[in-house]
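The lines below spell out each chain.
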Amino acid sequence: MTVAAETENGKLKCVDIHFSELSFHANKKCLLHGISGEFLGGQLTGILGASGAGKSTLLNILAGQVHFGASGNIYINGEPRNNKLFHKISSYIMQDDMVQPRLTVRELISSATELKLGSHYTQRAKDLIIEDVLSSMRLENCIDTRTEHLSGGQRKRLCIALELVNNPPVVFLDEPTTGLDDVSTKQCISLLKSLAEKGKTIICTIHQPSNTVFELFDQVYFLSEGNCVFSGSTESIVPYLAGLGMPCPDFYSPADYLIELVQNEKCAVSLKNQSDKEIRIKDHNRNYSQYANPYAMDGVTNYVYAVTFWKLLETVLDIIQKKITTNQ
Ligand SMILES: Nc1ncnc2c1ncn2[C@@H]1O[C@H](COP(=O)(O)OP(=O)(O)O)[C@@H](O)[C@H]1O
Ligand SMILES: [Mg+2]
């Protein structure tokens, strides 16, 4: 079954992601401190923060790429996340482009289409999908170019295009604009915004976007040392900070200003406390406590499965060995 089944009346079914009390520990260090938030379908959400704030860690956990060390609750459209099903409806695009340099755009996208859609579609349908994806990522003019000759922006858009052929409703991207110049960055984020406008849930990490790029996001989730210090719409951030007595200076990017503010420990604590308070109010209104969350600790669940499987395997091997010994 492909993700096309996720559409209703030709329109993409929106996927909303909520998370609460999300923590992550690695090497005896706590990298996320019980954070909560919501990322909605039809929106472009940016996870922002200084380098080392925990952006990629949060993205990886939400995308289901982390199996150990994470705890907390993740809900998809109000239901506890089922990792296996979630992988079918989501795509994850890593920070580093990993495309074969000697292949052309056409060769790569054709093989991605074959792999992702298989025999469920006719060749004509696949060709139409390829045409549509390439035009949505503005790659029509370099279809016969080898990837080693693409510009940074084209290569990044190709990586996104390869993940779009099966029309996933949720797309995660880790720093999609790293290494791109201002024009390519704006083009890349604008294209992601147009995907969100079609109903997809687009979540990407981004490090200090310019003002024009910042304004393209519908929502931002701001991290500082594994804590959330702001979560909300991009237009609300300036009045929000002013209301807290920290007005953003004119002609200053709110993203840059927030990063500067959290360098001051007192400001960081006060922003974290305020953000926690607002999220608690939202959570209270939502009330998901009726769901007992069997996937609350995906990592632990997977660990239990792995141990059970290993024990079963040991028992079977033991029986086989005993049989062989008796036969001898
Ligand atoms: N597996 C790990 N073990 C120990 N520390 C880690 C691990 N993964 C990330 N970190 C640390 O956690 C912090 C957050 O990392 P990351 O999420 O990659 O930050 P960002 O994406 O915001 O730059 C960094 O200080 C990083 O060094
Ligand atoms: Mg990162």
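- The protein chain goes by ABC transporter in an unreviewed UniProt entry, where it is assigned to Popillia japonica.
- Here the protein chain is described in UniProt, under the heading Sequence similarities (unreviewed entry), as follows: "Belongs to the ABC transporter superfamily. ABCG family. Eye pigment precursor importer (TC 3.A.1.204) subfamily."
- UniProt, in its Subcellular location (unreviewed entry) section for the protein chain, records the words "Membrane".

**What to know about the overall build of the protein chain**
And step 1. Assigned secondary structure in the protein chain consists of 11 helices and 12 strands.
And step 2. Relative to its 328 residues, the protein chain shows a buried fraction of 34%.
And step 3. Taking contacts inside the protein chain between residues at least 6 apart in sequence as the whole, the part at least 24 apart equals 74%.

**Concerning helix α4 (residues 123-136)**
And step 1. In a regular helix each residue adds 1.5 Å, so 14 residues correspond to 20 Å; α4 covers 20 Å between its end C-alpha atoms and thus fits that length.
And step 2. Three or more residues of α4 are buried, namely I129, V133 and L134. End-on, the buried residues of α4 take up no more than an arc of 125 degrees, which puts them together on one face. Looking at α4, the residues exposed on the side facing more than 90 degrees away from the buried face are R124, L128 and S135.
And step 3. Buried residues along α4 sit in contact with α3 (105-117) and α5 (152-164).
And step 4. After α4 finishes, the residue R138 shows a positive phi value of roughly 50 degrees.

Cut-offs applied
Position labels on residues start from 1 in each chain and follow its written sequence. Key to labels: chains lettered from A, ligands numbered from 1, both in the order written. Selection of residues for local features in this predicted model requires a pLDDT of at least 70, selection of side-chain atom pairs for listing and counting requires 80 or more, and totals for whole chains, interfaces and linings are taken over all residues. UniProt positions are given in the numbering used here, feature names are shortened, and annotations may be inferred rather than shown by experiment. Every helix listed is a DSSP run of H or I at least four residues long, and every strand listed is a run of E at least two residues long, numbered separately from the N terminus. Three classes are used. A residue is buried when 20 or more other C-beta atoms lie within 10 Å of its own, exposed when 12 or fewer do, and partly exposed in between, with C-beta atoms placed from the backbone. Two residues qualify as a contact pair if the distance between their C-beta atoms, derived from the backbone, is within 7 Å. Expected helix span is computed as 1.5 Å times (number of residues minus one). What the arc covers is the set of directions going from the helix axis to the C-beta atoms.

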